[in-house]
Amino acid sequence: LDTKNKTFLGEGILSSPSGIFAKDDGTVYVADMGLKEVVVFDNNGKVKLKIVRPENSPLFSSSAAFEPKNVVVTSQNNIFVVGTGSHEGIMQFSADGEFQGFFAANKRNLTLIERIQELIFTEEQKAQLLNRTSRPIENIDVTDRDLLCTVTQDAGVTTEWREATEKVENRIKIHNMAGVNILAADDDIHDEWNFVDVASGKDGFTYTLSYTGVISEYDSGGNLLFSFGGRSMSIDRNGLFTVAAAIDLDDNGFIYVLDKERGIVQVFYPTDYAALTHKATKILGSGDYEESEKIWKSILNLNGMSRVAHIGYGKSLMHQGDFKAALNEFKIANDKENYSDAFWEIRNEIINKILPFLLIGLVVLFVVVSIYKSIACKKGFKLIKKREIKSRLLKDVLNVFDMMKHPLDNFYDLKVGSKGSVISAVIIYIAITFVFCLDMLFRGYLFAPENLSKLSLLPVLIMLVVPLMLFVVGNAMVASINDGEGSFKNIFIITAYSL
């Protein structure tokens, strides 16, 4: 922009520009969806280069779309273009505009139905199937280390529904030069489904913007630090957006967000709390755990409900060997993965302490058993065997151990009545109920569902007793209607032994 002469870059040249990237030397790259070109201007505002559809390249399919939406350039002058409907991935060009291939395409995981179709359909039938392509990348940015940040939109359905039909791929990624996602590649980062833009900040922080105006910040490990903003529904409010379109940052950490509908840019500046969180995250990543512990502690003094601070504080403690304190912090943050790691270390310490005594105890036990057997042989002692037990009820209850070893024979014995009884079945049902209630109400934190603490005894009993009653009564009714051999008594007893 030449403010003196009031001339504008690209005036009379551009049609529908949608993305821009400026280099330090004054070179400006503009992605124009209307022209279907990437126009490169020099520092004088003159057109230096136009990147058009690579018709003659064998790497670019004739069916591939070329509608440049945004463009970024690395320090090595490699040009990366993201286009509307470009399912093949990011388009990569050399500094002189030569097409070099597609980069970092999203994967398309087949659903169960699609896998079956792959087995039985002909090639002609497969070609007619719709929605078999991967989702195109929505937007792009480049980090200070020449890594590419990308965001991908979803279909607008819930993550739970998609996970039930196919594997959900992360919507936020950072790609290395091989195109591999290095941002929490083994974890799930889905959050919003309608991302429109992404921006890279200092020290590996990544910022995303959704269509509904939600701004999210992630650290270098893909952990969500902050989420703010949102959609302005009825009245205009600062910090909310009508139609969010683009996001960017400056060197001071100020966040600039474009509202396309209202035609304004809103600016967010980092508070002292945010700056402190950034500092603690950076120091923790550098390995200075003592210093990061102090900062995380001061953050918790400001906001004791901060999950990020509890996790960061727990990691600082854990790396200093205070595993019990770290365990408590991870539990407060409901971070089961780090909780498991801390618990593993505590268990290792306990095992290392008791292992010598355990080995000595096993040796002593072996010696005592050997001496007892030797004395028992000389004196004629013998253990009581099951067949020598006089009580029929005790025999019937102990029969559960034979059931596990010889199920078919025992089912026959239960059917003809030579083993088992209603009383023994009731005892087994009571034992089953006791074990089930213990499991549901006192299950360990790592294996307990999040809503377990809200359960009471009555719902737990209903969860077990009602299905059991329906199973036994339903089977007895079906057997009765169909003239089956199973009586209510048989089914009641056999179900207990089966459990």
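Quick look at the structure, then. Residue positions are given per chain, counting from 1 as you read along its sequence in written order. Only residues with pLDDT of 70 or above have their local features reported here, since the model is predicted, and side-chain atom pairs are shown and tallied only from 80 upward, although totals for entire chains, interfaces and linings are computed over all residues. Side-chain figures throughout are based on the complete set of non-hydrogen atoms in the structure, without hydrogens or water.

**Considerations on the pattern of salt bridges**
Should a side-chain nitrogen of Lys or Arg be within 4 Å of a carboxyl oxygen of Asp or Glu, the pair is scored as a salt bridge. Taken as a whole, this structure holds nine salt bridges when the rule is applied. Asp413 serves as the salt-bridge partner of Lys419, at 3.6 Å between the closest nitrogen and oxygen.

**Details of the packing of aromatic side chains**
Note on aromatic contacts: the rings of Phe and Tyr and the six-membered ring of Trp form a pair at centre separations within 6.5 Å, being stacked when their planes are under 30 degrees apart, edge-to-face when over 60 apart, and tilted otherwise. Using the criterion set out here, one finds 15 aromatic pairs in the structure. With centroids separated by 6.2 Å and ring planes inclined at 75 degrees, the aromatic side chains of Phe60 and Phe66 adopt a geometry described as edge-to-face. Here the term buried applies to any residue with accessible area under 20% of the maximum for its type, exposed to any over 50%, and partly exposed to those in between, with areas from a 1.4 Å probe on protein chains only. Taking the relative accessible area as the measure of exposure, Phe60 reaches 6% and is therefore buried. Ring geometry for Phe66 versus Phe93: centroids 6.4 Å apart, planes at 75 degrees, classification edge-to-face. Placement of Phe66 in the loop between strand S4 (47-51) and strand S5 (68-73) and of Phe93 in strand S7 (residues 90-93) is noted, with a sequence separation of 27 residues between them. Numbering of helices and strands starts at the N terminus; helices are DSSP runs of H or I of at least 4 residues and strands are runs of E of at least 2.

**Some words on the sheet that holds strand S13 (residues 206-210)**
With antiparallel pairing, the four strands of this open sheet are ordered in space as S12-S13-S14-S15. Two strands close off the open sheet at either side, each with one partner strand: strand S12 (195-200) and strand S15 (224-229). For this sheet the average axis-to-axis angle between neighbouring strands, irrespective of direction, equals 20 degrees. Two strands are counted as paired when DSSP detects at least two bridges linking them. Examined bridge by bridge, S12 and S13 share five bridges and lie antiparallel to one another. Bridge assignment links Ser200 to a residue of S13, and that residue is Thr206. For every element, the axis is a line fit to its C-alpha atoms; helices are fit only across the contacting stretch, and the angle between N-to-C directions ranges from 0 to 180 degrees.

**Considerations on the sheet that holds strand S16 (residues 244-249)**
The antiparallel open sheet is built from three strands, whose spatial order is S16-S17-S18. Of all the strands in the sheet, the pair left with one neighbour each is S16 and strand S18 (264-268). On average, each strand axis in the sheet is inclined to that of its neighbour by 20 degrees, with strand direction left out of account. Looking at chain direction, strand S17 (residues 255-259) and S18 are connected through five bridges and run antiparallel. What sits directly across from Leu258, in S18, is Val265.

**Observations regarding the nonpolar core**
Definition used in this section: a nonpolar core is a set of buried Ala, Val, Leu, Ile, Met, Phe, Trp, Tyr and Cys residues joined via side-chain atoms within 4.5 Å. In this structure, Leu209, Ile215, Ile247, Ile255, Val257, Trp296 and Phe330 are the most contacted members of the largest nonpolar core, which totals 38 residues. Looking at this core element by element, the count peaks at six residues for helix H6 (residues 307-319). Judged by nonpolar contacts, the second largest core, of 26 residues, contains Val38, Ile51, Val71 and Val73.

**Examining a negative patch on the surface**
On the surface, Glu337, Asp341, Glu345 and Glu349 cluster together to form a negatively charged patch. Along the chain, Glu349 falls in helix H8 (residues 336-379). Overall, Glu349 belongs to the partly exposed group, its relative accessible area being 39%. Each patch groups residues whose relative accessible area exceeds 30% and which form no salt bridge, using 9 Å between like charges and 5 Å between nonpolar side chains of Val, Leu, Ile, Met, Phe, Trp and Tyr. Per-residue and other accessible areas follow the Shrake-Rupley method at a 1.4 Å probe size, with only the shown protein chains counted as cover for residues. Neither His nor the chain ends is counted toward charge; the positive residues are Lys and Arg and the negative residues Asp and Glu. Just so you know, the charge point we use is NZ for Lys, CZ for Arg, CG for Asp and CD for Glu.

**Observations regarding the pairing of S7**
Alternating residues of S7 divide into Ile90 and Gln92 and Met91 and Phe93, and every residue in both groups is buried. The pairing of strand S6 (residues 79-83) with S7 spans three bridges and is antiparallel. The residue of S7 that forms the bridge with Val81 is Met91. Between S6 and the antiparallel strand that follows it, S7, lie six residues; Gly85 among them carries a positive phi value of about 75 degrees. Once S7 ends, the chain turns through five residues before running back antiparallel as strand S8 (residues 99-103), passing Gly97 with a positive phi of about 90 degrees.

**Considerations on the packing of helix H12 (residues 457-481) against helix H13 (residues 488-498)**
For the pair H12 and H13, the least separation of the axes is 9 Å and the interaxial angle reads 140 degrees. At the point where H12 passes H13, the crossing takes the right-handed sense. Every residue of H13 that contacts H12 at Leu468, Phe471, Val472, Val473, Asn475 and Ala476 is listed here: Phe488, Ile491, Phe492 and Thr495. Each residue gets one label: Ala, Val, Leu, Ile, Met, Phe, Trp, Tyr, Cys and Pro are nonpolar, Asp, Glu, Lys and Arg are charged, and the others, such as Gly, are polar. A breakdown of the residues in the contact of H12 with H13 according to their chemical character gives eight nonpolar, two polar and no charged. Crossing handedness is read from the near helix: turned anticlockwise from the far helix by less than a right angle, it gives a left-handed crossing, and turned clockwise, a right-handed one. Contact between two residues is taken to exist if any of their heavy atoms lie within 4.5 Å; hydrogens are not considered.

Nothing here speaks to function; it is geometry throughout.
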